[in-house]
Structures are given as C-alpha cells and as structure tokens.
Amino acid sequence: MWYFISPEIIYGEDALSRLDELEGKRVLIVTDKQIVSIGFADKVKERLVKAGIDYQIYDDVEPDPSIETTKRGAEVAGEYKPDWIVGLGGGSVMDAAKAIWVLYERPDIEPAEINPFTPLGLRQKAKLITIPTTSGTGSDCTWGIVLTDTSERRKLALGCREAHADIAIIDSVFAIGMPPQLTADTGLDALTHAIEGFTSNWKNDFCDGLCLKAIHLVFQYLQRAYHDGHDKEAREKMHNAASIAGLGFGNSMAGLAHSMGHSLGAAFHIPHGRTVGLFLPYTIEFTADIAASRYDEIIHLLRLEQTRAEKAALNLARVIRELEQNIDQPLTINDLGISRDNFENSLPKLVSNADMDTQTVTSARVPTSGEFEQLFRYSYDGKSVDF
Ligand SMILES: [Zn+2]
C-alpha cells in the first residue's frame, strides 16, 4: 500500500483570488520581513479583507529556519487561535509555516518528533494554505519540513503525511520580480527534485510523469527566466515546474544531491538550491549504472544526441553543467569560495551529516562513508575519481 498526497492546487493568472472565497475567522500569515517589505503580504491581506477575515502576521522566519523560530511562531498561533495558517514565501517560510501549524495543533510534541510513522491528528484547530513566491522548492505541494538545528549546525529533514497544505496557490505574479541569482538557485532545486524523484528508490508510476514534465519545463524555461525576469511565460512555466516537481519528488523522495546539499548548506550557510544543483551532476555520475534506464529516458525526453559509447548519465551530467554555466552557477565547492583547508577540516562532519540525512536511504545508490568522502572530494574541484 502506498499514498499519493496532494493539496488542492489553484494555479494560473489571478490564482490568488481564491482567497476571496475563503471561509473562516482568523488567518495567521507566516512569512519573512523581505516579503512584507516588497508588498507581497499586502496582496494577501487585501484578499482577506475582501473575504471578511481577520489576520495577523508572523514575519520572523529567517532563511534556513531554526527550531526556535517555529516554536515562537507556534506560541503566536496559540495566542491568536487562527483557523487558517498561510505560508507566504520561499521554501524556508513554507517549511516554517508547516512546522508552526503542527506545533500549534500539537503543543505536546517537539519539532524533531515530526516523522512519517507517527500520526499527528492535524486539522483540529486550523488548515494550511501555501503560496510560493519563488519557483523551486515545491514545499507548497509536499509534506516535508526542513528545519535547522543551529546548535549542531545540522539540517533536520522532518515530515509527516498529514503536514501538507490543504490549498496551494501557484500564482506567478509573485515570481516576476525574483532577482536572477534567486531564479537560478531555486530553478536548479526544482530540476534536482524532478531528476531525483524520477530516479530514487521510491520512484513510482504516479510520480514519473510529473517528474519528467518538470525536467522538460526547466530545460525549456529556466534560462529564459534567468536572463529576462519579466518573461511572463517563462516565469509561469517555471512556477508550475517547481510545484509539479514538488508533487513528483514529494511522493517519491529525493536522493544524494539533497543529502550532500543539506550537509554542505548547513555547514557553510549556502542557499539550498545552489548546493543541491552543484551536487546534482556528480551524484548522477555516481548512480549512472544503477539508474541507467532512467537516465536513458531523460535523454530521450530532452531529445539529446546520445552515442552508444557514452553512458546516458554522463551525457545528462554534462548538459546540466552547461545549463549551470549558462546561468552563472558554481560547478564545484571550490567555486563557492570555500578554501581547501576549510573544506578538509569540515569533511568528516560533511560526510557524517550526509550519511545521516533521510534522503540518503531513498537514493538509487547508497554510498558507504568512504564513497561519500570521495564524492565530496570530487565535487570540491571536479577532478574525476573512479567510483
Ligand atoms: Zn530541494
């Protein structure tokens, strides 16, 4: 027995007007100060006023939200007693909104206790709406929650099947103004979700088509969105791609680019999409033989030329590196400005955190600690190693 979980998805032009019809008394808008300052929270507030619903804003969510931030948000919710929680922002905000909602419903548990095997009995007090303002994380459509344990400099990949949004509003009006760097980082996150969701150990018939469509959309539209942020079609297609990839990998899990990305991101404070995008080609090479038929399908989908002599995975890894170069992304850890000494000193922790990450077990090929070390070293300078 297995499950496919999805929120009700509202998408396309004017999708935000779904809020006009919302029924309820109080909404807690979980967001960050940046989103408030650029006027996005106002767009939501206007709709809630129309619907005759009171609101309160909790805008203390930081990038890579900490456990403490979500606990404080849950206290705010506990006092305000909302019947809806709205997560308005990027992946950090939406993950924080999910955690705040869970802790508001269940003040008796700690965030680290949120796991896929323990039912939580959510939706007794409130329901959740997610509104992504970036095009990549897919958190609007998944039940995963990534929080940071700041004392341990470690990311916690949590989640529970009940912790998905009731309604996801996919309106690219929020993506139009995204700066190029954020467009690149988040777009590569979407691509990584789609490829890892299509090749993970938990891949399945219900997710395959979604992952393939998202891969195709990213290859078609990411460069356009990066080079011309006001290209409305490219923005809308990337916004859709991110949520489609979210549905895909959210129901089939991710892989090693995520384990390694979480580990490096927590150690050096690098945005999530940049780290997973960096590791993606290396981890595709590492899983080349195990997931060979899957990489064949992607090459076929993208109509790339494929010689018999070259493995499809190596072809795909090369094309992804070309895409990354075209949108000015780092190809190695060295490119991120991390010195060799700093990297070597952190290596044992990088390896052990990647090893413990929940996305490792669902990878097409699970590395030994020694192989993880090799993969990190290879990703440091791109000097090939023999797996
Ligand atoms: Zn991701």
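A quick note: this is a predicted structure, and the numbers were derived from the prediction, not measured.

**Q** Give me the lowdown on the overall build of the protein chain, citing residues and values where you can.
**A** Within the protein chain one finds 13 helices and eight strands. Here the C-alpha radius of gyration of the protein chain, 20 Å, is about what a compact globule of 387 residues would show, namely 21 Å. Dimensions of the protein chain, computed from the C-alpha atoms along their principal axes, are close to 65 × 45 × 45 Å. Residue pairs at least 24 apart in sequence account for 77% of intrachain contacts in the protein chain once pairs closer than 6 positions are excluded. Counting every atom, the protein chain has about 16000 Å² of accessible surface; 49% of that belongs to carbon and sulfur. Counting 38 positive and 56 negative side-chain charges, the protein chain places the averaged centre of each group 1 Å from the other.

**Q** How would you explain the layout of surface pockets if you had to name every residue and give the values?
**A** Volume-wise, the second largest pocket comes out at about 170 Å³. Lining of the second largest pocket is provided by G12, E13, D14, D171, S172, V173, I176, K232 and E236. Here the lining of the second largest pocket is composed, by residue class, of two nonpolar, two polar and five charged.

**Q** Outline the pattern of salt bridges, listing residues and values.
**A** Per the counting criterion, the structure on display carries 25 salt bridges. Across the pair K33 and D60 runs a salt bridge whose closest N-O atoms are separated by 2.6 Å. Of the two residues, K33 is situated in helix α1 (residues 33-37) and D60 in the loop between β3 (54-58) and α3 (67-80); the sequence distance between them amounts to 27 residues. A salt bridge links D231 to R224; the nearest nitrogen and oxygen atoms lie 2.8 Å apart. Here the residues in one salt-bridge network are R340, E344, E373, R377 and D381, joined through shared partners.

**Q** Mind laying out the coordination of the zinc ion, listing which residues take part and the relevant values?
**A** Surrounding the zinc ion are the protein donor atoms D189 (OD), H193 (NE2), H258 (NE2) and H272 (NE2), at 2.1 Å. Coordination at the zinc ion comes from four donor atoms whose angles at the metal span 87 to 166°, giving a geometry best classed as irregular. The sequence pattern formed by the donor residues of the zinc ion is D-x3-H-x64-H-x13-H. Of this pair, H193 sits in helix α5 (residues 180-199) while H258 sits in helix α8 (residues 256-268), and the two are 65 residues apart along the sequence.

**Q** Quick one: what's the story with unusual backbone geometry, residue by residue and with numbers?
**A** One non-glycine residue, D14, adopts positive backbone phi at about 65°. As for its position among the elements, D14 is in the loop between β1 (8-11) and β2 (26-30). Although it is not a glycine, K81 adopts a positive phi angle of roughly 55°. Following the sequence through the fold, K81 ends up in the loop between α3 and β4 (84-89).

**Q** Describe empty space enclosed by the protein, and please don't skip the residues or the numbers.
**A** Evaluated as defined, the whole model comprises one cavity of 30 Å³ or more. Taken as a whole, the largest cavity encloses approximately 100 Å³ of empty space. What lines the largest cavity is a set of 14 residues, among which E196, T199, L256, T287 and Y295 lie closest to the centre. Of all the elements in the fold, those that place two or more residues in the lining of the largest cavity are α5 and α9 (272-286). Considered class by class, the residues forming the lining of the largest cavity number seven nonpolar, six polar and one charged.

How each quantity is defined
Residues numbered from 1 in each chain as written. Predicted model: local features only at pLDDT ≥ 70, side-chain atom pairs only at ≥ 80, totals over all residues. Heavy atoms only, no water. Helix = DSSP H or I, 4+ residues; strand = E, 2+ residues; numbered from the N terminus. Rg over C-alpha atoms; globule rule 2.2 N^0.38 Å. Contact = heavy atoms within 4.5 Å. Areas by Shrake-Rupley, 256 points an atom, 1.4 Å probe, with all protein chains shown as cover. Lys, Arg positive; Asp, Glu negative; His and termini not counted. Charge placed at Lys NZ, Arg CZ, Asp CG, Glu CD. 1 Å grid on protein atoms, 1.4 Å probe; cavity = no way out; pocket = protein on both sides within 12 Å on 5 of 7 lines; lining within 4 Å. Points joined across faces, edges and corners; volume = space filled by probe spheres on them. Nonpolar A, V, L, I, M, F, W, Y, C, P; charged D, E, K, R; others polar. Salt bridge = Lys/Arg side-chain N within 4 Å of Asp/Glu carboxyl O. Donors = N, O, S within 2.8 Å, 3.2 Å for Na, K, Ca; no water. Tetrahedral: all angles 85-135°; square planar, octahedral: opposite > 155°, others 65-115°.

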